[in-house]
Amino acid sequence: MNSVLANAKRLVVKVGSSLVTNDGRGLDHAALAQWAEQIAKLNAMGKEVVLVSSGAIAEGMQRLNWKKRPSAVHELQAAAAVGQMGLIQAYESCFRKHDLHAAQILLTHDDLSDRKRYLNALSTLRTLLTLNVIPIINENDTVVTDEIRFGDNDTLGALVANLIEADALVILTDQAGLFTADPRKDPQATLVTEAKAGDLQLEKMAGGAGSSIGRGGMLTKILAAKRAARSGAHTIIVSGREQNVLLRLAEGEAIGTQLMADKIPLNARKKWLADHLQVRGKLVLDQGAIHVLREQGKSLLPIGVQALSGNFERGEAVTCVDAEGNEIARGLVNYNATDSKKILRHASTEIEAILGYVDEPELIHRDNLVLL
Ligand SMILES: Nc1ncnc2c1ncn2[C@@H]1O[C@H](COP(=O)(O)OP(=O)(O)O)[C@@H](O)[C@H]1O
Ligand SMILES: N[C@@H](CCC(=O)OP(=O)(O)O)C(=O)O
């Protein structure tokens, strides 16, 4: 068995609170430095890495000298606000040593379920990766309320893997991987080296968090693997304390637990687009646009759109038809109906002069477009 990381081009690495904060004793700067060094090397190998890091609350508690995790949401939020500063400063200085910029992204569930914000998050992440910046994501703990909390960063890691269509999600934790039972409670438990993501047997093996620092425990990691697999990402659950763990995985060494996505649906999001979207408007494409969409897999530019109807917002789904009304494609549009109308038949370079701003040069990016 080889590690799937060997062939992964885009990956999400998630590190849990207990690892980041040395089991709540304070930020483990040496560990952060090691992960940053490895991520910098992966970056140099041409891999795109997004880091999802927990630890804000645990670090905030440490800084505020709170011994016990509070249960009041406003206190947790205050701790997170204090701790996130330390967390991001620490990462920033680690990546600086490797001449890499880091970027802080704080997300709530709403950001990924609302289509407009989803597109914004995706565009920003895509841009950061193009700029060779390492995005560091955490939940926006200070504004979330109970109902909209991801709750644990395993779920957040999986949602980010879905968002950017990552090839792999690596969950670094304080155990060697998934065991047949919680190793803290059952010394006979053995390591599961490989399984299918979504296998129900795994959910029975997984227990809750082993410490008061982490939130999710193993169950949220197993569920995260199931979720990540929906967009074709494989998941590896492995100890973040293992020497050079990310580099060894990237060299193909099988370490920890590898949970395989069934098959790689080349374009899971496109399938989702095709199946689930309520169409809010219609774009009539010219022959040239239809040709490049079909033959060259290109994005739809405003210049190729002859007319439009409907009242859609940025991020909503529209159908693309030919002059006879035959449906060619569906996709998520980058400009609302009023602005789209103003820029259709125009070159993308003219968008700024016409609208006074530019979101994207495309009307629909090819990643958000499905041909029918
Ligand atoms: N089957 C299992 N295999 C491994 N660990 C398990 C299992 N069931 C429960 N756990 C517990 O899950 C913990 C890891 O989850 P958690 O504390 O939330 O860490 P993190 O902060 O890395 O997300 C382990 O320390 C372990 O005690
Ligand atoms: N957003 C929270 C992380 C939530 C959490 O504890 O997650 P995890 O340790 O990954 O199970 C924080 O930064 O403290």
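Remember, predicted model here, so these are calculated numbers, not experimental data. Along each chain, residue indices are assigned from 1 in the same order as the chain's sequence is written. Numbering of ligands from 1 and lettering of chains from A proceed in the order in which they are written. Under the rules for a predicted model, residues below a pLDDT of 70 receive no local features and side-chain atom pairs below 80 are neither given nor counted, while totals for whole chains, interfaces and linings still include all residues.

Colleague: Would you mind going over the overall build of the chain with me for this structure?
Modeller: Helix numbering and strand numbering both begin at the N terminus, where a helix is a DSSP run of H or I of at least 4 residues and a strand a DSSP run of E of at least 2. From N to C terminus, the chain includes 14 helices and 13 strands. Taken over the C-alpha trace, the chain has a radius of gyration of 22 Å; the compact-globule value for 372 residues is 21 Å, and the two agree within 12%. On the principal axes, the C-alpha backbone points of the chain span a range of 70 × 45 × 40 Å. Each residue is classified by how many other C-beta atoms fall within 10 Å of its C-beta atom, where C-beta atoms are placed from the backbone; a count of 20 or more means buried, 12 or fewer means exposed, and values in between mean partly exposed. For the chain, the residues scored as buried account for 44% of the 372 residues in total. Put simply, the radius of gyration uses C-alpha atoms, and a globule should come to 2.2 Å times the residue count raised to 0.38.

Colleague: What should I look at first to understand the UniProt feature "binding site: ATP" (unreviewed entry) in the chain in this one?
Modeller: Sequence positions flagged by UniProt for "binding site: ATP" (unreviewed entry) are, in local numbering, K14, T173 and D174. Despite a sequence span of 161 residues, these residues sit close together in the fold, their greatest C-alpha distance being 12.1 Å. Tracing the backbone through its elements, the reader meets K14 in strand β1 (residues 10–15). On the basis of neighbour count, K14 is assigned to the buried category, with 29 C-beta atoms found within 10 Å. UniProt positions are given in the numbering used here, feature names are shortened, and annotations may be inferred rather than shown by experiment.

Colleague: Please clarify how the sheet that holds strand β13 (residues 369–371) should be interpreted in this entry.
Modeller: What links the strands of a sheet is backbone hydrogen bonding, and the strands pair in either a parallel or an antiparallel sense. Pairing between strands is defined by DSSP: at least two bridges between them are needed. In spatial order, the strands read β10-β9-β11-β12-β13; together these five strands make up an open sheet with mixed pairing. One side of each edge strand has no neighbouring strand; the edge strands of this open sheet are β10 (305–310) and β13. Here the strands of the sheet are splayed against their neighbours by 25° on average, with no regard to which way each runs. With three bridges joining them, strand β12 (residues 327–332) and β13 adopt antiparallel strand pairing. Angles run from 0 to 180 degrees between N-to-C directions of axes, and those axes are lines fitted to C-alpha atoms, restricted for helices to the stretch in contact.

Colleague: Teacher, can you tell me more about the sheet that holds strand β8 (residues 257–260) here?
Modeller: Taking strand neighbours across the sheet as the criterion, the eight strands line up as β3-β4-β2-β1-β5-β7-β8-β6 in an open arrangement whose pairing is mixed. Strands with a single pairing partner mark the edges of an open sheet, and in this sheet they are β3 (102–107) and β6 (194–196). Adjacent strand axes in the sheet meet at a mean angle of 20° when their direction is disregarded. It is the C-beta atoms, placed from the backbone, that decide contacts: two residues are in contact if theirs lie within 7 Å. Contacts from helix α7 (residues 153–164) reach β1, β2 (48–53), β3, β4 (134–139) and β5 (168–173) within the one sheet, and its direction differs from that of β1 by about 170°.

Colleague: Which parts of the structure should I look at to understand the domain arrangement of the chain?
Modeller: Many analyses report the size of an interface as the accessible area lost when the parts associate. Residue ranges labeled as domains rest on an automatic or database domain assignment. Taken domain by domain, the chain holds domain 1 (4–265) and domain 2 (269–371). The centre of domain 1, based on its C-alpha atoms, is set 34 Å off from the matching centre of domain 2. Listed as interface residues are eight residues of domain 1 and, on the opposing side, nine residues of domain 2. Classifying every residue of the side of domain 1 that touches domain 2 gives three nonpolar, two polar and three charged. All residues other than Ala, Val, Leu, Ile, Met, Phe, Trp, Tyr, Cys, Pro, Asp, Glu, Lys and Arg, Gly among them, are scored as polar; the first ten of these are nonpolar and the last four charged.

Colleague: How should the UniProt feature "domain: PUA" (unreviewed entry) in the chain be read in this particular structure?
Modeller: What UniProt calls "domain: PUA" (unreviewed entry) maps, in this numbering, to residues 281–364. Counting secondary structure, residues 281–364 comes out at 26% helix and 26% strand; the distance between its end C-alpha atoms is 13 Å.

Colleague: What should I look at first to understand the nonpolar core in this one?
Modeller: Considering soluble globular proteins, one finds that nonpolar side chains tend to be buried as a cluster. Among the nonpolar cores identified, the biggest contains 100 residues, and V13, V160, A168, L169 and V170 are the most heavily contacted of them. No other element matches the eight residues that helix α4 (residues 73–96) contributes to this core. The residue makeup of this core includes at least three contributed by each of domain 1 (4–265) and domain 2 (269–371). The residues contacting V160, other than those within four sequence positions of it, are V12, V50, V52 and I137. By definition, a nonpolar core groups buried Ala, Val, Leu, Ile, Met, Phe, Trp, Tyr and Cys residues that are joined through C-beta atoms within 7 Å.

Colleague: I tried to follow unusual backbone geometry on my own but got confused; where do I start?
Modeller: Phi is mostly negative for residues that are not glycine, and the peptide bonds are mostly trans. The residue D99 is not glycine, and still its phi comes out positive at about 60°. One non-glycine residue, E165, lies in the positive phi region at around 50°. Residue placement: E165 occurs in the loop between α7 and β5.

Colleague: I would appreciate a short explanation of the packing of α7 against helix α9 (residues 217–229) in the present structure.
Modeller: Packed helices, taken two at a time, are described by the angle their axes make and the gap between the axes. At a closest axis distance of 8 Å, the pairing of α7 and α9 adopts a crossing angle of 10°. In terms of orientation, α7 and α9 fall into the roughly parallel class. Here D154, T155, G157, A158, A161 and N162 of α7 come into contact with α9, specifically with T220, K221, A224, R227 and A228. Partitioned by chemical class, the residues of the contact of α7 with α9 number four nonpolar, four polar and three charged. Note on terminology: angles under 35 degrees are roughly parallel, angles over 145 are roughly antiparallel, angles of 65 to 115 are roughly perpendicular, and the others are oblique.

Colleague: Just checking my understanding: could you explain the pairing of β12 for this structure?
Modeller: Two faces make up the sheet, and in a regular strand the side chains alternate between them. Inspection of the sheet shows strand β11 (residues 317–321) paired to β12 by five bridges, in the antiparallel sense. Paired with C320 across the strands is A329, a residue of β12. In textbook terms, the turn of a hairpin is the stretch between consecutive antiparallel strands, and for β11 and β12 this stretch comprises five residues, one of which, G325, has a positive phi near 90°.

Colleague: Explain the confidence of the model for the chain to me, please; I cannot follow it from the model alone.
Modeller: Note: predicted coordinates in regions of low pLDDT should not be interpreted at a detailed level. Confidence scores labelled pLDDT are given residue by residue by the predictor and lie between 0 and 100. Overall, the prediction assigns the chain a mean pLDDT of 90, with 91% of residues at 70 or greater. Listed scores for the predicted complex are pTM 0.80 and ipTM 0.97.

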